[in-house]
Amino acid sequence: MKSSLKTRLVLAFLSTITVPILIAILTLYLGADQLSNGEDDQLDQLFSDVKKEIRMTEDELPDRNAFYNEIKPLLDQYDMNVTIYTEDRELIFDSKNYREVDEVNSFLPNFNTFTIQVQPETGIMWDVTIQANSSQNAPFQRMTHIVHILLLSVGMGLLTLILMIVIWTTYISRTVLTPLKHIYQATEEMREGNLDYPIVYKRKDEIGRFIEGFNVMRQHVKDSFKKQKQYEDSRKELIASISHDLRTPLSSIKGYVEGLRDGIVQNEEMKQRYLQVIHNKTEHLDHLIEDLFEFSKMEVDQLPIEKEVVNASVYFEKLITKHQFELRNQAVELTYTNVEEKPTSILLDPVRVEQVMSNLIDNAVRYGSDQINIKVHTNDLEGTIAITITDNGQGIRNEDIPYIFTSFYRGEKSRSTYSGGSGLGLSIVKYIVKAHGGDIHVESELGKGSSFIFTLPLYVKGSNSNIYE
Ligand code: ADP
């Protein structure tokens, strides 16, 4: 039954009132039917017996005592009195006058009194009144039967009422009270910190919707607890990482600066080398601090994304040229190909997507082989543009792949070298790609290289935006 709780309650109230009434009426009807059928035959018999007896008498009834004695067996058989009147209401015979006083019961209601017309052997029509002396003998049990039928129908009505109350109480208790009990138990469990207590309720009624809401709320609380724990864990991790990652380059900068101050460096060439190391270390520090800053903004969902419509090939072409220039002094070959012939527009934040590309290219360089070869490739793919950055570097271990986009996760090499990053780069990359409605994944083979593939939705005409070149 898919009816709402309100409908079910209305149905319960209505049926609790109407069904017992109907049952009582039905019992009354069937009882009355049986009563009339049975008693009519018996009354017919009585009337014909009385008629037979009276018909054989004479008009005027000369010997009333003899008449009484004649009909006495009949009077006794039916336990009744017979009164005879002429048509002019003149009393001719009253059997009560011949009976003992205590044999006569005159208080019976008059529905046990019948009047028939009989013509004696000689003479004119008489009115013969037959009155029952008790309501215990047939055919005068009408009163008793009526009382029985009334009691039976009231009894049946009451019984049905009790039955309806029991049925509906059980039903309502099963469909309303039991789920409420479960909700109460669930809130108790939640209060004690157990958030893995789903309530199972299949109906789609008000309670079903409430339970659904409750389950969603429980899941929400559970998720936010989990998130909070993750935040706390990552915060702890962050503090540990910050102190470690900042201390390492700082202490080496300190060492080199002290060397310069104390005059350990003798010649100009050595001095330049020292300064170059200091420069590299400060750059590394700068990179780390930048990552941490971006990460903290990402954590509080405040990494601003300001999208514009750009021409994909123009944008990426320009971006790669810039990187090629930056990498000109390193043994890095960076190329870009776009397979699409027609121009493709995408909606993106040029600064953030540049950050994504820089991170991926930096990683390809950082985890690359001796002769680094990086290929950037773009193509349209089911309403998106897919950007693939392939390197010929060391590749990523299978067991690391599921975690590399997680904040602070660093592969073995990154962990063991000073030049290793913060472990935040790819999590920031993923955040930015997701914020653009795209996705990112990696395909990698250890020792051969990796391909990072991310997608960005193509621009659909009609959105409000500025055109970027
Ligand atoms: P990190 O600052 O350590 O580079 P990232 O989030 O950028 O942090 O990368 C996470 C880990 O993924 C790295 O520590 C490294 O092990 C692995 N990784 C990322 N890019 C590459 C790549 N191109 N080749 C091999 N390993 C990579």
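Thresholds applied
Residues numbered from 1 in each chain as written. Predicted model: local features only at pLDDT ≥ 70, side-chain atom pairs only at ≥ 80, totals over all residues. Heavy atoms only, no water. Helix = DSSP H or I, 4+ residues; strand = E, 2+ residues; numbered from the N terminus. Contact = heavy atoms within 4.5 Å. Pairing = 2+ DSSP bridges. Axes fitted to C-alpha atoms, helices over the stretch in contact; angles between N-to-C directions. Phe/Tyr/Trp six-rings, centres within 6.5 Å; stacked < 30°, edge-to-face > 60°. Buried < 20%, exposed > 50% of the residue type's maximum accessible area, 1.4 Å probe, protein only. Lys NZ or Arg CZ within 6 Å of the ring centre and 35° of its normal. Patch = residues over 30% accessible without salt bridge, like charges linked within 9 Å, V, L, I, M, F, W, Y side chains within 5 Å. Areas by Shrake-Rupley, 256 points an atom, 1.4 Å probe, with all protein chains shown as cover. Salt bridge = Lys/Arg side-chain N within 4 Å of Asp/Glu carboxyl O. Lys, Arg positive; Asp, Glu negative; His and termini not counted. Charge placed at Lys NZ, Arg CZ, Asp CG, Glu CD. UniProt positions renumbered as here; feature names shortened; annotations may be inferred.

Examining the side chain of Ser407
- Examined against the element boundaries, Ser407 turns out to sit in the loop between strand S9 (384-391) and helix H8 (412-416).
- Filtering out sequence-adjacent residues up to four positions away, Ser407 remains in contact with Glu237, Phe295, Met298, Gly423, Leu424 and Ser427.

Looking at the sheet that holds strand S4 (residues 126-132)
- The sheet built from 4 strands is open, its strands ordered S2-S1-S4-S3 with antiparallel pairing. Two strands lie at the open edges of the sheet, namely strand S2 (91-94) and strand S3 (113-118), each paired on one side alone. Across this sheet, the average inter-strand angle for adjacent strands is 20°, counted without regard to direction.
- Bridging between S3 and S4 involves 6 bridges; their strand directions are antiparallel. By the bridge assignment, Ile116 is partnered in S4 with Val128.

Topic: the packing of aromatic side chains
- If you walk through the whole model with that rule in mind, you get 11 aromatic pairs.
- When the centroid spacing of 4.9 Å and the interplanar angle of 85° are considered together, the rings of Phe67 and Phe93 count as edge-to-face. Placement of Phe67 in helix H2 (residues 64-78) and of Phe93 in strand S2 is noted, with a sequence separation of 26 residues between them.
- In this structure Phe93 comes out as buried when scored by relative accessible area, which is 1%.
- One aromatic cluster is present, formed by Phe67, Tyr68, Phe93 and Tyr98 through successive ring pairs.
- The ring centre of Tyr85 lies 3.9 Å from the NZ or CZ of Arg89, which sits over that ring.
- Against the face of Phe325 rests Arg328, its NZ or CZ located 3.9 Å from the ring centre.

What about a negative patch on the surface?
- Together, Glu60, Glu87, Asp88 and Glu90 give the surface a local cluster of negative charge.
- Residue position: Glu60 is located in the loop between helix H1 (5-55) and H2.

What about the pattern of salt bridges?
- Under the definition given, this model contains 16 salt bridges.
- Across the pair Asp233 and Lys229 runs a salt bridge, and its minimum N-O distance is 3.2 Å. In this pair, Asp233 and Lys229 both sit in helix H4 (residues 206-261), 4 residues apart, roughly one turn of the helix.
- When its relative accessible area of 32% is taken as the criterion, Asp233 is described as partly exposed.

As for the UniProt feature "domain: HAMP" (unreviewed entry) in the protein
- Per the UniProt record, "domain: HAMP" (unreviewed entry) is annotated on residues 174-226.
- When the span residues 174-226 is considered, its composition is 74% helix and 0% strand, and the gap between its end C-alpha atoms is 35 Å.

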